[in-house]
Every structure is written in structure tokens, then in C-alpha cells.
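# Geometric and topological summary
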Amino acid sequence: MEKRILAILEPEEEYAGLLLNFIKEKKDFLFETRVFTKLDALYSYLKENHVDVLLAAKTSDYKEAAKKVPFTILLTEEQYVGEDSHPVIYKFQSAEHILREVFDIYLAHHGDSEFRYLPKERHFCKKYVVFSPYGGTGKTTAAITLGSILSENNSVLVVNLEMFPKSYFWEKSCREEQAHGISELFYYMGQSHCDLEMKIKSMVIPIGHIDYLSGVSNLWDLQEMQEGDMYQFLHGLEEYTSYDVIIFDVTFLSKGISVLFEECTNIIVPFFKESQNNTQWYQTFSKREQKLLEQKVKMVLLPKMEYMDELADIYYLAHGAYGEELRKIFPEEGTIYEMRTKE
């Protein structure tokens, strides 16, 4: 299916250029984007092309152009503006936040339409689980660091499936209204919506070159997740998104998680001290499942961080002693992208 067209009308050439350059650097951006600094140029384009969304500066003469497109969003220089006919986005914030709000607003106005994304062509996708039955083992940090390592050659999504998710430093940098938890994604999928990739793009928090989905707002969303629910969730991510690698950050065992263990490529179990290096949690599975786990589980002893500041620097972790231990587990994983493109 062809991508939808996003037209940006912004008279300020410097601002328009910066926004366009940021969009060009985004992998798998969900709109084809055209930027116009002059209204006449936009009119000429509209004569022969269809535009799905117009993102227009409120200071521009956008009103006539808005009549020619199905949906218009305004970029405003004021943080709190009431607008009767069009939704607004504050102009002077990060480009990442602006694009996320575009996705969010578009979905909110088209969620009940008949439009549905078709499944993408099957692509090479690996799923990893970072799991520990203990707290304080650096599991989430390991998941983010592994994602950062693999993002050097791949598009990566990290999904927080902790029963009791904490507030991490990368979430604090995101505005509260944008830090959607994965509970919202479960609800969205339960309503049979298929525009899944745009929904995820409206929710993710960027951490370097990886996308991160925050944890649940209600622990029962995970506790009550059955095998069928997990299959639907995993296959939805695989068929409707284009990530090369998906990493799941897991802290508990359940019927749904057993499906995740079965579907994933490997289960990484980090630990800081020898007393945590055991597999007693295997006993909750059948003998057949235990044999499968033995083939997939990779135990990794990670160096203890001496200073909290070290945990706030993902680049430092990925390229230091911490990342070095994770790289030893998958020495070949830096070539996932090359392998995929050759097939």
C-alpha cells in the first residue's frame, strides 16, 4: 500500500528545512513528506496530487488550502490555543514530539474510518527476551543496551513487559502526556484496529536510535494475558510493523509469557552475582518446555555499575565493559540487516 502524503506549509524557510531534514533521517517514516514555503507551490502540487494531511503554520495563509485536503493540523507559536476547526500542535518543541503528535491526532480523527493498513510483506524479524526472576539485576538496562548495540545495523523496538514498571530516566525526558503505556496499545489492538505501526509510532519514546514502549499502567493487563492474547500481540507486531529486532523486557512468568518464550529467538538472563546464576524458575515449565528453554537461555554476568550517572549514558554502556559482555553473546548479530537484505 502506498504511503499517505503529509504536506507541510511553513513560510519560515529555516524552520521548514530543519523539520524536513529531521524527517529524512527517520527510518520507515509513515508519510511521504512534501514541504512548501510558498502557498502557490502548494496549490500547484494539489492540482495533480492527493494530500492526506496538511501540517500548516498558523501564521500562513492556510485556510483556502485546508479546503482542498481531508485533514489539517496547525503549527502554532502559542502553547495554549483554542481552534474550532483544526487541531493544533505547539511549534517550538522537538521535532520528535511534533511528529508523534501528528500520528496521535491523525489516529484520533481516523480511528473509526474504514481505512485499514494491510499487513506488510513478511520480513526478517528477530525477537529477544531479557528476563530475570530477581530484581536489581540490571535487566532493563541490559535490554536497552542490547537494543542500542543492535540498532547500529537494524531498526529496533524495546517493549517493557514488567509487571511493576518503574520510571526510567529516558521516560522523564518525554512529556507526561506523550508517555503512553503499553496498556493503551493492548486496548487499541483489542478494538480490532489495524493501523498498528502508526499507533506505535505515536507512543514510542526514542532512546538514541531505538524505539521504546513504556510499561503497563495496570498490572492485570499482563497478569490476565492468555496464550491467544500473546499470539495476537506478537503476530500483530511482526505483520504490521517493520522492525528488524524486537526486545521484550520481562519480569514474571505466566501462560502468556510462555508463548513469548516459545516464539522468541533467545532469552537473555543477566545477573550481577553468582547467587543469581541459577535456573530454578525452569521448574514452572513442562519437561518439553524446559528442554526448549535450555537451548534458548543465555546467562550473562554483567559488571556492576559504580555510579548512577553511568546508567544514564546508553552510548557509554553499549561501547564500554557492559556492552562488551552483551556483544559476546551475539557476535554475529551486527549483521542482521545485511543478512535480511541479501535474502
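Since the structure is predicted, the reported quantities are computational estimates derived from the model, not experimental observations.

Glancing now at the overall build of the protein chain. Along the backbone of the protein chain there are 16 helices and 12 strands. For the protein chain, the residues scored as buried account for 53% of the 343 residues in total. Of the contacts formed within the protein chain by residues at least 6 apart in sequence, a portion of 73% connects residues at least 24 apart. Approximately 17300 Å² of the protein chain is accessible, and the part contributed by carbon and sulfur atoms is 48%.

By rolling a water-sized probe across the atoms, one finds the places where empty space is left. Under the counting rule described, the total for this entry stands at 1 cavity of 30 Å³ or more. Every residue along the wall of the largest cavity is listed here: Ser258, Phe261, Glu262, Phe285, Arg288, Glu289, Leu292 and Leu293. Those elements that provide at least two residues to the lining of the largest cavity are helix 11 (255-263) and helix 12 (287-296). Per-element accounting of the lining of the largest cavity gives the leading share, 4 residues, to helix 12. For the lining of the largest cavity, a count of residues per class yields 4 nonpolar, 1 polar and 3 charged.

Topologically, Asp211 is positioned in strand 9 (residues 210-213). Other than its neighbours up to four places away in sequence, Asp211 contacts Val156, Leu157, Val158, Lys201, Val204, Ile205 and Tyr243.

Looking now at the sheet that holds strand 6 (residues 126-131). Spatially, the 7 strands line up as an open sheet ordered 8-9-7-10-6-11-12, and their pairing is mixed. Every other strand in the sheet has two partners, leaving strand 8 (205-207) and strand 12 (297-301) as the edge strands with one partner each. Between one strand and the next, the sheet's axes are offset by a mean angle of 25°, whatever the strand orientation. As judged from the 3 bridges shared by strand 7 (residues 156-161) and strand 9, these two strands associate in the parallel manner. Bridge assignment links Val159 to a residue of strand 9, and that residue is Leu213.

Moving on to the environment of Thr140. Inspection of the secondary structure puts Thr140 in helix 5 (residues 139-150). Since its relative accessible area comes to 6%, Thr140 is described here as buried. Engagement of the side chain of Thr140 in a polar contact is seen with the side chain of Glu162, the distance being 3.3 Å.

Before going further, it helps to examine the nonpolar core. Counting 65 residues, the largest nonpolar core has Phe233 and Phe248 as the members making the most contacts within it. Considering every element that reaches this core, the biggest residue donor is helix 4 (residues 95-110), with 8 residues. Setting aside residues up to four positions removed in sequence, Phe248 forms contacts with Lys127, Tyr128, Val129, Val130, Val159, Leu161, Phe233, Leu234, Leu237 and Leu260.

The next thing to look at is the pairing of strand 6. Regular strands show a simple pattern: their side chains alternate between the two faces of the sheet. Summarising burial for strand 6: 6 of the 6 residues are buried, a large majority. Taking every second residue as pointing to the same face, both faces of strand 6 are buried, with Lys126, Tyr128 and Val130 on one and Lys127, Val129 and Phe131 on the other. Relative to strand 10 (residues 245-250), strand 6 runs parallel, the two sharing 6 bridges. From the neighbouring strand, Val129 faces strand 10, where its bridge partner is Phe248. Pairing of strand 6 with strand 11 (residues 266-271) involves 3 bridges; the strand directions are parallel. When the bridges of strand 11 are listed, Val130 appears paired with Ile268.

In this section: the environment of Gly323. With respect to the element layout, Gly323 can be found in helix 15 (residues 321-329). Between the C-alpha atom of Gly323 and that of Leu146, which follows or precedes it by 177 residues, the distance is 7.3 Å. Those residues within four positions of Gly323 in sequence are excluded, and the remaining contacts are Thr145, Ile149, Leu317 and Ala318.

Turning to the packing of aromatic side chains, a few remarks are in order. Considering all chains together, one arrives at 13 aromatic pairs under this definition. Their ring planes at 80° and their centres at 6.2 Å tell us that Tyr90 and Phe92 sit as a pair that is edge-to-face. A residue is classified by how much of its surface remains accessible, and Tyr90, at 23% relative accessible area, is partly exposed. Residue class for Phe92 comes out partly exposed when judged on its relative accessible area of 44%. With 5.6 Å between their ring centres and 75° between their planes, Phe131 and Phe261 make a pair best called edge-to-face. Here Phe261 lies in helix 11 and Phe131 lies in strand 6, a separation of 130 residues in the sequence. Residue Phe131 is classed as buried on the basis of its relative accessible area, which comes to 1%. An aromatic cluster of three or more residues is present, and its members are Phe131, Phe261, Trp281, Tyr282 and Phe285. Above the face of the Phe31 ring, Arg4 is positioned so that its terminal group lies 5.8 Å from the ring centre. One residue, Lys91, lies across the ring of Tyr15, its end atom 4.7 Å from the ring centre.

Rules behind the numbers
- Residues numbered from 1 in each chain as written.
- Predicted model: local features only at pLDDT ≥ 70, side-chain atom pairs only at ≥ 80, totals over all residues.
- Heavy atoms only, no water.
- Helix = DSSP H or I, 4+ residues; strand = E, 2+ residues; numbered from the N terminus.
- Buried < 20%, exposed > 50% of the residue type's maximum accessible area, 1.4 Å probe, protein only.
- Contact = heavy atoms within 4.5 Å.
- Areas by Shrake-Rupley, 256 points an atom, 1.4 Å probe, with all protein chains shown as cover.
- 1 Å grid on protein atoms, 1.4 Å probe; cavity = no way out; pocket = protein on both sides within 12 Å on 5 of 7 lines; lining within 4 Å.
- Points joined across faces, edges and corners; volume = space filled by probe spheres on them.
- Nonpolar A, V, L, I, M, F, W, Y, C, P; charged D, E, K, R; others polar.
- Pairing = 2+ DSSP bridges.
- Axes fitted to C-alpha atoms, helices over the stretch in contact; angles between N-to-C directions.
- Polar contact = N/O pair within 3.5 Å; in protein donor to acceptor, adjacent residues only side chain to side chain.
- Core = buried A, V, L, I, M, F, W, Y, C linked by side-chain atoms within 4.5 Å.
- Phe/Tyr/Trp six-rings, centres within 6.5 Å; stacked < 30°, edge-to-face > 60°.
- Lys NZ or Arg CZ within 6 Å of the ring centre and 35° of its normal.

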